[in-house]
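The chain contents come next:
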Amino acid sequence: MLHATGLVKRYGGVTALDGADLELRGGEIHALVGENGAGKSTLVKILSGALGPDGGEIALNGTPTRFTGPRDAAARGIAMVAQELSLFPDLSVAENLFVTALPRRFGLLSPAEMERRAAPVLAGLGLDDVPVHAPVAGLNLADRQLLEVCRALLATPRVLMLDEPTSALPPAAVDRLETVLRQVAARGIAVLYISHMLQEVRRMADRVSVLRDGRPALRGERAGGLSLDDLVRAMLGDGAPAPAPAGATADPVAGDPERTAHDGAVPDAAALTLSHVTVPGAVTDMSLSVAAGEIVGVAGLEGAGHRAVLDVVCGLRRPASGRVTLPGGGTPRSVRDAVRQGVAFVPGDRKRFGLMLDQTVWENATAVRWLGAARGSWWQHRRSLRARAQANLRRMRFHGDIDGRTGELSGGNQQKVVFAKWLDTDPSVIVLDDPTRGVDVGARGEMHDIVRDLAATGRVVLLASTDLAELTELCHRVVVFQRGEATGELRGAELTEQRLSTAVNGS
Ligand SMILES: Nc1ncnc2c1ncn2[C@@H]1O[C@H](COP(=O)(O)OP(=O)(O)OP(=O)(O)O)[C@@H](O)[C@H]1O
Ligand SMILES: [Mg+2]
């Protein structure tokens with residue numbers, strides 16, 4: 001249905017694609033994988049008309065084609081869900097679904113007609129509860145992600161491309177998306193999707209292509225015939241050490257029993273305490289103590305209240321009653337105040353909380369350190385700051401140019417910068433909310449090692465993650481929430497993905 005050969009794309013001195021191929025068949029789910037910066041997003045941007053290639057051919061149903069822009073590609077049946085979400089936060093759900101995508105086609109629809117058309121698609125993705133007339137800004141990241149998929153489906157495409165659609169989704173939503181994509185493929189549509197979750201790729205995709213440094217490393221291999229190891233090897237190249245994948249995603253570290261967290265660290269004095277904390281609409285009378293050196297996870301379904309624990313520790317929200325006590329004895333009054341008291345916050349939603357995209361990579365990676373610094377000292381310390389940013393980022397396998405604009409980095413590499421900037425603050429409490437979202441398997445393992453090292457040197461770590469494997473691999477214990485209350489705790493040998501999933505879902 002769509003066949004691209006020899007695609008080349010250069011950004012200034014960087015060659016993002018260097019002879020990339022892709023062949024998509026109607027009726028298949030085709031996964032595209034590769035390390036951060038391998039060129040995956042660049043490839044789908046070219047195939048959806050958002051970028052012009054510097055070389056290579058694209059054929060649609062056998063006819064050589066050149067797209068003049070995204071509109072042109074859309075008119076020829078190509079729909080794309082981009083990696084960085086593109087909804088208009090101030091517009092309503094319904095407006096986002098219809099007004100922006102194809103105005104000429106949908107511009108004259110009445111609100112009632114819009115709702116009638118959107119309802120079944122929303123329901124299929126489990127979004128039947130979202131308020132269609134409310135602004136999108138009020139939705140969480142997972143729902144916004146699904147809404148983008150919904151918008152793409154409403155355009156009734158022949159080729160549907162999704163750039164990391166599952167990276168922010170909890171497991172139940174991934175299942176729903178999988179069901180929907182199966183139905184879409186069964187109608188003869190070609191589905192291409194990008195993911196770093198290799199187990200999910202093996203389960204969900206019919207065929208897999210791998211990009212390495214902008215070149216094909218695997219071309220449309222049958223997914224069922226590939227092991228995790230095959231995929232990791234194809235991504236990293238032959239010279240790479242063979243990682244030992246374990247759990248739901250391939251984590252090179254998890255295979256080494258010395259390095260799994262949950263048998264270690266016996267908590268001593270409590271360093272972070274929440275006592276009888278109530279946040280209206282989120283948690284009620286919640287108490288939790290975390291010792292220095294502990295990595296504690298919080299888990300629950302959407303709205304179960306676990307995220308409010310992170311919010312009150314970061315100073316994003318203040319409890320209506322009860323008290324949060326940080327290791328220094330203070331209580332966080334605002335985000336800025338929490339930072340000053342040694343709290344670091346690594347969010348997965350980098351667009352909302354993250355980066356100054358016009359600044360250089362190293363400036364972003366050292367930004368927090370300078371929140372309270374005296375003027376003028378920046379220039380004096382420029383060199384040492386730059387060097388530290390370099391070292392922190394290298395450790396996460398960041399290969400890019402630290403003097404380049406942050407906005408030009410691939411999505412996963414931007415996430416590494418978010419992580420690095422908090423590492424640089426010497427925090428006493430580290431709050432992680434989906435910290436490895438969009439990060440490739442190799443870098444994910446490195447980031448996990450960094451978190452373990454921080455805990456081993458006496459920091460307190462709190463983690464929420466849509467990726468249950470991340471919770472089980474990293475945490476000493478996980479507190480499970482339901483309807484605003486902590487209903488259980490898993491630790492040691494009980495802390496498995498299976499049990500966590502069961503506990504989160506309510507039994
Ligand atoms: N607008 C841009 N300007 C300059 N360089 C860019 C731009 N967009 C991407 N690049 C570079 O092109 C290369 C490929 O980036 P791309 O976003 O396609 O990677 P990716 O495979 O999607 O990675 P990720 O898994 O992190 O999303 C990277 O080196 C990136 O820094
Ligand atoms: Mg990308």
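Residues numbered from 1 in each chain as written. Chains lettered and ligands numbered in written order. Predicted model: local features only at pLDDT ≥ 70, side-chain atom pairs only at ≥ 80, totals over all residues. Heavy atoms only, no water.

In the annotation of an unreviewed UniProt entry, the protein chain is listed under the name Ribose ABC transporter ATP-binding protein and assigned to Mangrovihabitans endophyticus.

Before going further, it helps to spend a moment on the coordination of the magnesium ion (ligand 2). When four donors bind a metal tetrahedrally, each ideal donor-metal-donor angle is 109.5 degrees, and when six bind octahedrally, the ideal angles are 90 or 180 degrees. At the metal site, the magnesium ion (ligand 2) is ligated by Ser 41 (OG) and Gln 83 (OE1), and these contacts range over 2.0 to 2.2 Å. Here Gln 83 lies in the loop between strand 6 (78-81) and helix 3 (93-98) and Ser 41 lies in helix 1 (residues 40-47), a separation of 42 residues in the sequence. In this pair, the class of Ser 41 matches that of Gln 83, namely buried. (Donors = N, O, S within 2.8 Å, 3.2 Å for Na, K, Ca; no water. Helix = DSSP H or I, 4+ residues; strand = E, 2+ residues; numbered from the N terminus. Buried < 20%, exposed > 50% of the residue type's maximum accessible area, 1.4 Å probe, protein only.)

With that settled, the discussion passes to the environment of Leu 474. For Leu 474, the position within the fold is in helix 17 (residues 468-474). As a C-alpha pair, Leu 474 and His 448 span 26 residues in sequence and 6.8 Å in three-dimensional space.

Before going further, it helps to examine empty space enclosed by the protein. Taken as a whole and assessed by the stated rule, the structure comprises three cavities of 30 Å³ or more. Considered as a void within the structure, the largest cavity measures approximately 150 Å³ in volume. Surrounding the largest cavity, 18 residues form its lining, Ser 167, Met 197, Thr 436, Arg 437 and Gly 438 being those nearest its centre. Across the lining of the largest cavity, the residue classes break down as three nonpolar, eight polar and seven charged. Split by domain, the residues of the lining of the largest cavity number at least three in each of domain 1 (2-236) and domain 2 (246-342 + 428-507). In this structure, the second largest cavity spans a volume of roughly 60 Å³. Surrounding the second largest cavity, Val 346, Phe 419, Trp 422, Leu 423, Pro 427, Ile 430, Leu 432, Val 451 and Leu 454 form its lining. Counting residues per element, the lining of the second largest cavity draws most heavily on helix 15 (residues 411-423), at three residues. (1 Å grid on protein atoms, 1.4 Å probe; cavity = no way out; pocket = protein on both sides within 12 Å on 5 of 7 lines; lining within 4 Å. Points joined across faces, edges and corners; volume = space filled by probe spheres on them. Nonpolar A, V, L, I, M, F, W, Y, C, P; charged D, E, K, R; others polar. Domains from an automatic or database assignment.)

Within the structure, ligand 1 sits among 20 residues, and Gly 37, Lys 40, Thr 42, Ser 410 and Gly 412 are positioned closest to it. Here Asn 36 contributes a side-chain N or O atom positioned 3.0 Å from an oxygen atom of ligand 1. Thr 42 places a side-chain nitrogen or oxygen 2.6 Å from an oxygen atom of ligand 1. Residues of the shell around ligand 1, tallied by class, amount to five nonpolar, eleven polar and four charged. Here the shell around ligand 1 spans two domains, and each of domain 1 (2-236) and domain 3 (359-426) adds at least three residues to it. (Near = heavy atom within 4 Å. Polar contact = N/O pair within 3.5 Å; in protein donor to acceptor, adjacent residues only side chain to side chain.)

A few words now on the sheet that holds strand 5 (residues 63-65). The sheet built from four strands is open, its strands ordered 2-1-4-5 with antiparallel pairing. The strands lining the two open edges of the sheet, one partner per strand, are strand 2 (14-24) and strand 5. Shown here is a sheet whose adjacent strand axes are inclined to one another by a mean of 30°, direction ignored. Bridge analysis of strand 1 (residues 2-11) against strand 2 gives eight bridges, and the strand direction is antiparallel. The residue bridging Leu 7 from the neighbouring strand is Ala 20, located in strand 2. Docked against the sheet, helix 1 engages strand 1, strand 2 and strand 4 (55-60), running at close to 120° with respect to strand 1. (Pairing = 2+ DSSP bridges. Axes fitted to C-alpha atoms, helices over the stretch in contact; angles between N-to-C directions. Contact = heavy atoms within 4.5 Å.)

To continue, consider the sheet that holds strand 7 (residues 159-163). Judged by pairing direction, the sheet is mixed, and its six strands sit side by side in the order 6-7-8-3-9-10 without closing on themselves. One side of each edge strand has no neighbouring strand; the edge strands of this open sheet are strand 6 and strand 10 (215-222). Averaged over all neighbouring strand pairs, the angle between strand axes comes to 15°, with direction disregarded. The sheet strands contacting helix 9 (residues 228-236) are strand 3 (29-33), strand 9 (207-212) and strand 10, and the helix crosses strand 9 at an angle near 30°.

It is worth spelling out the pattern of salt bridges at this point. A full pass over the atoms with the stated rule returns 25 salt bridges. As a salt-bridge pair, Glu 28 and Arg 207 come within 2.7 Å of each other at their nearest N and O atoms. Separated by 179 residues along the polypeptide, Glu 28 in the loop between strand 2 and strand 3 and Arg 207 in strand 9 bring together distant segments of the chain. With a relative accessible area of 8%, Arg 207 lands in the buried category. Ionic contacts of the salt-bridge type, sharing partners, join the residues Glu 23, Arg 25, Glu 28 and Arg 207 into one network. (Salt bridge = Lys/Arg side-chain N within 4 Å of Asp/Glu carboxyl O.)

With respect to the helices and strands, the residue Glu 470 is situated in helix 17. Arg 444 provides the closest opposite charge to the buried, unpaired Glu 470, separated from it by 4.3 Å. Here His 448 takes part through its side chain, which lies 2.6 Å from a polar atom of the side chain of Glu 470. (Lys, Arg positive; Asp, Glu negative; His and termini not counted.)

When pLDDT is averaged across the protein chain, the result is 87; 88% of the residues are at 70 or more. Ranking the helices and strands of the protein chain by mean pLDDT puts strand 3 first, with 98, and helix 4 (residues 103-106) last, with 50. (pLDDT = per-residue confidence, 0-100.)

What follows covers the nonpolar core. In terms of nonpolar packing, the biggest core is built from 55 residues, with Leu 97, Leu 147, Leu 160 and Val 208 touching the most fellow members. Of all the elements, helix 6 (residues 141-154) adds the most residues to this core, at eight residues. Grouped together as the second largest cluster of nonpolar side chains are 45 residues, Ile 295, Ile 402, Leu 432 and Ile 450 included. (Core = buried A, V, L, I, M, F, W, Y, C linked by side-chain atoms within 4.5 Å.)

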